[in-house]
Each structure stands twice: as C-alpha cells, then as structure tokens.
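# Summary of the model geometry
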Amino acid sequence: MPVRLIGREDVIACEKIQSIAFAYSLDLRELEGILSREPEPPDPYIGHFDGEGNLTACMELPEYKIRYEGGWARMTGIAGVASLPECRFGGAVRQLVQFAFQRMRQSGALFSALYPFSHAFYRQFGFELCQFSPEYEIPAEALAPFRCTAGVRMVQPGAPLDALKAVFSARFSEFNLAIEREDRRWRGILGRDPYKERIYAYLLEECGAPIAYVVLSPEDDGPGKIGNVREIAFAQPRALAQAFGFLYRLSAQYGKFRMYLPGVPLASLLGESYALRGNLHSPHGQPMARAIDVRGALERKRHFDGARYSLRVRDEMIPENDGLFSVECEAGRVRVAQAGGIEPDLTADVRTMTQLLLGFSSIDDALYREDVCVSGNLETLRRVFVRRPVYLTEHF
C-alpha cells in the first residue's frame, strides 16, 4: 500500500521532506539526538511511498479533545503536509487525505481541522473556513484608560498549571473547536526559559483566585518593540480590562501589542476606535474544518424539543456522510436516521454543512452559498443552525 503510518525509522526522511517544502534549516545531528530521547513521534504521521519504498510525501495527524456544543468530542488535525518537489502533481497528497479520513472515522473523530497554505486547495477535500479572527494591533497608549488592580505574578518554568487551566477553561468552554490543552502543549505556549527565549507569562489574581493571564514575547519593530501576545485569557469579561491595564504597565517597553481576541467587541472598548488595526490575512486567524462524521455531529448538536427536519448532504470523499438524513429531537434526545423518498428541507455540500454544524454560519448566512437549497421548514432550521462562538485554540 503506498500510504501507511510512519514509523520511527522514517521520521528523519519525513523531517527532510518538510524542511525542503517549508524552507527551514534542519540540523540532522540535533534531530537524531531528539529521536534518541523520544521513542515515538508525539503525534501520528502518515506517509506516501513510491514503488521502491521511498517516502515522497507526509502528513501529521495530531489528535485532540475539543469543545463541541457544550460537551467534548474528538478531532484530528492535519499538519505538516509536505511532498518532494520532484514528486508533486502525482496524487500523493490526495491519497494521504483519503487514508487520513478513514483513520479519523475509525478513531471516532467528529471533525478535522487545519491551517491551510491555500483555502482553495483544501476546499477540494471538503474543508471550509471555520474561523475568521483578525490579529489585532493596539497602540500601547490606547490602553491608558485601563487600570490593573489585581495581583500579578510571573509564572515560572515548572510551576503548577492549575490556575492557568482554570482561566483557559472559563474563557473557552463555550467555543466550538476549543481544545483541551495537554501539559506538553502548555509548555510550548509558555516556553522553557523566559530569560533565554524571551517568553513571559503573567497570572492575574483577585482574592486568591485566578482571573486572567497574559503570555507575551517581544518582536523588534524598528527602533522599538512590539509586544506579541501569544495568548490572553480571562475568566469573565470584566477581567479583560484588568489584563489591558497590566499591558499598559509595559508601555515603556512596547509601543504596541498584537493579539487575537475572538468574540470581544474590541473597537467599542477603546476610547478611540480608529487606533485599532486588524491583520485580516494572518494564517492563524483563518483555519479550516471539515465534518468527518456528519451523523454523529448532528446527534451531538443542540436542538430544541420537537425539532424535526430533513437534509441532504453531498460529500464526495466520505461516503458515509453523503446521503439524506432525517433528524428529530424528543425529550432532549436527538435521533438521526438515513432517509429516502422524501424532499429534503435543506440540501448542502459538506463544506457548508461543517460551517452550520460548528455555528460559524447560521442558516441565513448559508443561503448566500450556491450549494445550498432550502425547500421548507425554514423556521426550524433557523432555530437549530444559529451562530455560535468558534475558536481553534491551538496552532499545529
């Protein structure tokens, strides 16, 4: 079979391909040292091999536990997609994607997500935009009206993560796609040595309880510096003002700050809204997602008692998703069944269906898309497919 899981013996070949594809320097001696300390890659890799057994393309499949409709679900990411230049346009990536989808369904994943180099390229595999979060740029002086009265302490390497985790959970518990962060990924956000890596984490507390945290690192900006806020989180909306007040304390060092603030009406919080700038083209602000198990996602989606509708989903790559479904909710339980011989209330491609399931789009938003047809039961569809906060909290 040309596609299979990559074992330890092929990791170096995979890293070589990625270094060529993404044009980064690779120290093979350092990599061999890392591999000697780690028996297996932390996340599964799959690879495409030619007839002679040579690796020609690879893909990483990090597995996550995500928030979905107030509960937990499984999601598999796609990352590190790379192929040798001399082997491209031969269908290797498509074969990797097909293999990955089969593996995802077997593992019980409801969704997959990725950060694309091109949205158009990944739409051919059923992925669609699932988040549009600009990277804001805020002049430090714009934060002058905010005051920090909370206690602040720097989070030292190796310190317990419980307080940070509590704030993270409070901030993102209602965001679809928000990931339950493992300790190893916390270490990736916080860094290992703040004095060497220049990554600084600060916890804000009131009455002994954590209310917010800020993780930032400096970036050169001509004669000055920008404070790159790697992550900012708060347990309740008003705690954001405390975090802003803390950032203003750093205005002697940083002329401005960059950050993501999904779901926050930031322009209306600043004294001068014109001071705000947004980078709409940041790749981390425009990830894509795909429903791997439409039926399972429908069963987990919030419905109101008495909801009944039918829908036709088109999916060229996952046959189990392609078909006509009837949906009904009674006593808080959602039942989804294969249907036939009826006119669907809603017809949509799996890309649009993914946006509707996650709440990135409402049914009224979806009506602008050419693949969507609503033939009836519009009011029920409006009550089921509403906008919800969506934010993919990890970069991979």
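Every value quoted in this text rests on a predicted model; they were computed, and no experiment measured them. (Residues numbered from 1 in each chain as written. Predicted model: local features only at pLDDT ≥ 70, side-chain atom pairs only at ≥ 80, totals over all residues. Heavy atoms only, no water.)

### Focus: the packing of aromatic side chains
Heads up, the rule is: Put simply, two rings from Phe, Tyr or Trp (the six-membered ring, in Trp's case) pair if the centres are within 6.5 Å, and we call them stacked under 30 degrees between planes, edge-to-face over 60, tilted for the rest. A run of H or I in DSSP counts as a helix once it spans at least four residues, and a run of E counts as a strand once it spans at least two, with each numbered from the N terminus. The rule is simple: take the accessible area with a 1.4 Å probe, protein chains only, and divide by the maximum for that residue type; under 20% is buried, over 50% is exposed, in between is partly exposed. A positively charged side chain is recorded as over a ring if its NZ (Lys) or CZ (Arg) lies within 6 Å of the ring centre. The angle to the ring normal must also be within 35 degrees.
Counting across every chain of the model gives 19 aromatic pairs. Judged by centre distance (5.9 Å) and plane angle (65°), the rings of Trp186 and Tyr213 are edge-to-face. Residue Trp186 is found in helix H6 (residues 183-190), and its partner Tyr213 is found in strand S11 (residues 209-221); the two are separated by 27 residues along the sequence. Taken individually, Trp186 and Tyr213 each receive the classification buried, so the pair is uniform in this respect. Grouping aromatic residues by their ring pairs yields a cluster made of Phe101, Phe117, Phe121, Tyr122, Phe125 and Phe127. The aromatic ring of Trp186 is capped on one face by Arg181, whose charged end is 4.5 Å from the ring centroid. Lying over the aromatic face of Phe304, Arg383 brings its terminal NZ or CZ to 3.7 Å of the ring centre.

### Examining the pairing of strand S17 (residues 323-330)
Across a regular strand the side chains alternate sides, sitting on one face of the sheet and then on the other. Condition: Strand pairing requires that DSSP identify at least two bridges connecting the strands.
In terms of strand pairing, strand S16 (residues 308-314) meets S17 through six bridges, oriented antiparallel. By the bridge assignment for S17, Ser310 is matched with Ser326. If you look at the hairpin formed by S17 and strand S18 (residues 333-338), you'll find two residues sitting between the two strands, and Ala331 has a positive phi there, around 55°.

### Some points on the sheet that holds S17
Defined as follows: Note on contacts: a residue pair qualifies if any of its non-hydrogen atoms lie within 4.5 Å across the two residues. Here, axes are lines fitted to C-alpha atoms. For helices the fit covers the stretch in contact, and angles between N-to-C directions go from 0 to 180 degrees.
Taken in spatial order, the five strands line up as S18-S17-S16-S19-S20 in an open sheet, and their pairing is mixed. The open sheet terminates on both sides in strands that have one partner only, identified here as S18 and strand S20 (373-374). Contacting S16 and strand S19 (346-349), helix H10 (residues 350-358) crosses the sheet at an angle of about 110° to S19.

### Overview of helix H5 (residues 162-172)
The test is simple: As used here, the arc is the angular range of directions from the helix axis to the C-beta atoms.
Here H5 has its buried residues at Ala163, Leu164, Val167, Phe168, Arg171 and Phe172. For H5, the arc enclosing every buried residue in end-on projection is 140°, short of the 170-degree limit, so these residues lie on one face. Buried residues in H5 make contact with strand S4 (63-68), H6, strand S10 (200-206), S11 and strand S12 (224-234).

### Re helix H1 (residues 11-21)
All of the buried residues along H1 are Val11, Cys14, Glu15, Ile17, Gln18 and Ser19. Buried residues in H1 make contact with helix H2 (28-37), strand S2 (45-49), strand S3 (55-60) and strand S5 (71-83). Positive backbone phi, at 55°, marks Ala23, one or two positions downstream of H1.

### So, the packing of H1 against H2
Counted only if it meets this: Here the angle decides the label: under 35 degrees means roughly parallel, over 145 means roughly antiparallel, 65 to 115 means roughly perpendicular, and every other value means oblique. By the definition used in this description, the sense in which the near helix is turned from the far one sets the handedness, with an anticlockwise turn below a right angle giving left-handed and a clockwise turn giving right-handed. Asp, Glu, Lys and Arg are counted as charged, while Ala, Val, Leu, Ile, Met, Phe, Trp, Tyr, Cys and Pro are counted as nonpolar; the rest, among them Gly, fall into the polar class.
Relative orientation of the contacting elements H1 and H2 amounts to 140°, with a least axis distance of 11 Å. In terms of orientation, H1 lies oblique with respect to H2. Taken as a pair, H1 and H2 cross one another with a handedness that is right-handed. Of the residues in H2, those touching H1 at Val11, Ile12, Glu15 and Lys16 are Leu28, Leu31, Glu32 and Leu35. Looking at the contact of H1 with H2, its residues break down into five nonpolar, no polar and three charged.

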